[in-house]
Amino acid sequence: MSLQTYFFIPISLIVFLLSFPCYYSFPWKLPYNSSQTYPSYLSTIQGRKFGGKIVVSKRIDKVGRSLASFKTVNVDNYGAKGDGSDATEAFKEAWKVACSSRGSVLVVPKNKNYLLKPITFEGPCKSSITVKIHGTIQASTDRSAYNNDISSWLVFKDVHNLAVQSGGTINGNGKIWWKNSCKVNHALPCKDAPTALTFNNCKDLVVKNLKIKNAQKQHVSFEKCVGVQASRLKITAPEDSPNTDGIHVTHSQNIQISSSVIATGDDCISIVSGSRKVQATSITCGPGHGISIGSLGSRNSEAHVSDITVNGATLSGTTNGVRIKTWQGGSGSASNIKFKNIKMHNVKNPIIIDQKYCDQRKPCKSQSQAVQVKNVLYQKIKGTSSSNEAIKLVCSDKFPCRDIVFQDIDLRVGGEKAAKAVCDNAKITKIGVVSPSCT
């Protein structure tokens, strides 16, 4: 045997043994297959667990580079001054570069103020992308700038593996829109207004650690999105600002909203048709209109919402607590809904189902058709009501509310006086002490 062969055998053996753990250890760490059907919110979505503790791993692109090695794109390098002047074109150019790069971080610098007209950040992008908002982005107050599309201001569309974060502020400058709303000035015709921040058809999305205030209408809207984590958001607008929902969810699934403070002039969270597997945890709400499923079934439409959980919320001074609202004449269903571990402080309607919801100037016509409300759990809801009726279920006589469960409910008026429960056309099961209780 030659000397060369003598050394080759043990060297080959050593290489094989060193490489063996890389391929055969930890067999559960398989590559993510994006073609798989998305699991429920209690399952794992690309390494992020929905329900319980949320585990968010460092985002890594297909070739294994960490976020630190991504291309940094600073909006100031494309003409943005950050002095409150119009930076729309600079943001467009910076987005083009970031979106077309192999992994990138678009940076909005700290201690600067950027004015933007309506803008759409459109994908698909070459790979994952992070938008770091450190400074302030504010909306143009020129209403004519929205003539092409009055419904939106900032839009992220068709972007997958997107993160928008980093502690900055998004200011909708909504006052000019509020005073021209028909809900404020009844002499004016009712017109639409822009949603401040819209995510349309986005998948595997993280939105966290942002301050969003004074939206023209809704603050944040998730539309046709799959796999969303929204956390540590602070959303604020005056109590009398019209239609300024905090977070709006429509036609989306596998949505996790957590650890957020919302104080606006409308619903803190609104979940409407086409949405399923939505979970909200550790939510502070108020002032505002509470946490709502709906409205559903307007203009005799068909609506479906299912598998919604609100677990851990504090509501203070809101006009409603946890609410399901549907229009007469609609069809479809709102089902498998859980409201758990909720504290109420001086809330006008702590628990309410309203199948005769009507939000228009003229009285709504009485109709027998209705969206079916079924399989709803209210568990461990405690606190105070500002009205005598702490529980109010106004259900359809043709489509009564079914399988409504109350467990461990303790609601009082002002903390001492016994509250009342009004339950029309509802089939109810009680577990534990339920106060007030439907008779």
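Predicted model only: the values in this text are computed from it and were never measured.

Q: Describe the environment of Asn147, with residues and values.
A: In this fold, Asn147 is placed in the loop between strand S9 (136-139) and strand S10 (152-157). Look at Asn147 and you get exposed, because its relative accessible area is 62%. Within polar-contact distance, the side chain of Asn147 engages the backbone oxygen of Ser144 at 3.1 Å.

Q: Describe the packing of aromatic side chains, naming the residues involved and giving the relevant values.
A: Pairs of aromatic rings are described using the distance from one ring centre to the other and the angle between the two planes. Following the criterion strictly, the structure yields 10 aromatic pairs and no others. Judged by centre distance (4.8 Å) and plane angle (25°), the ring pair of Phe121 and Phe156 falls under stacked. With Phe121 in strand S7 (residues 119-122) and Phe156 in strand S10, this pair connects stretches of sequence that are 35 residues apart. The exposure classification of Phe121 matches that of Phe156, with both residues buried. In this structure Phe156 comes out as buried when scored by relative accessible area, which is 5%. Taken together, the aromatic side chains of Trp95, Phe121, Phe156, Phe199 and Phe222 make up a single cluster linked through ring pairs.

Q: Can you break down the environment of His345 residue by residue, with the values?
A: Here His345 is to be found in strand S24 (residues 331-347). Each C-alpha atom of the pair His345 and Gly321 lies 9.4 Å from the other, and the pair is 24 residues apart in sequence. Beyond its immediate sequence surroundings of up to four residues, His345 is in contact with Thr314, Leu315, Ser316, Gly317 and Thr384.

Calculation rules
Residues numbered from 1 in each chain as written. Predicted model: local features only at pLDDT ≥ 70, side-chain atom pairs only at ≥ 80, totals over all residues. Heavy atoms only, no water. Helix = DSSP H or I, 4+ residues; strand = E, 2+ residues; numbered from the N terminus. Buried < 20%, exposed > 50% of the residue type's maximum accessible area, 1.4 Å probe, protein only. Polar contact = N/O pair within 3.5 Å; in protein donor to acceptor, adjacent residues only side chain to side chain. Phe/Tyr/Trp six-rings, centres within 6.5 Å; stacked < 30°, edge-to-face > 60°. Contact = heavy atoms within 4.5 Å.

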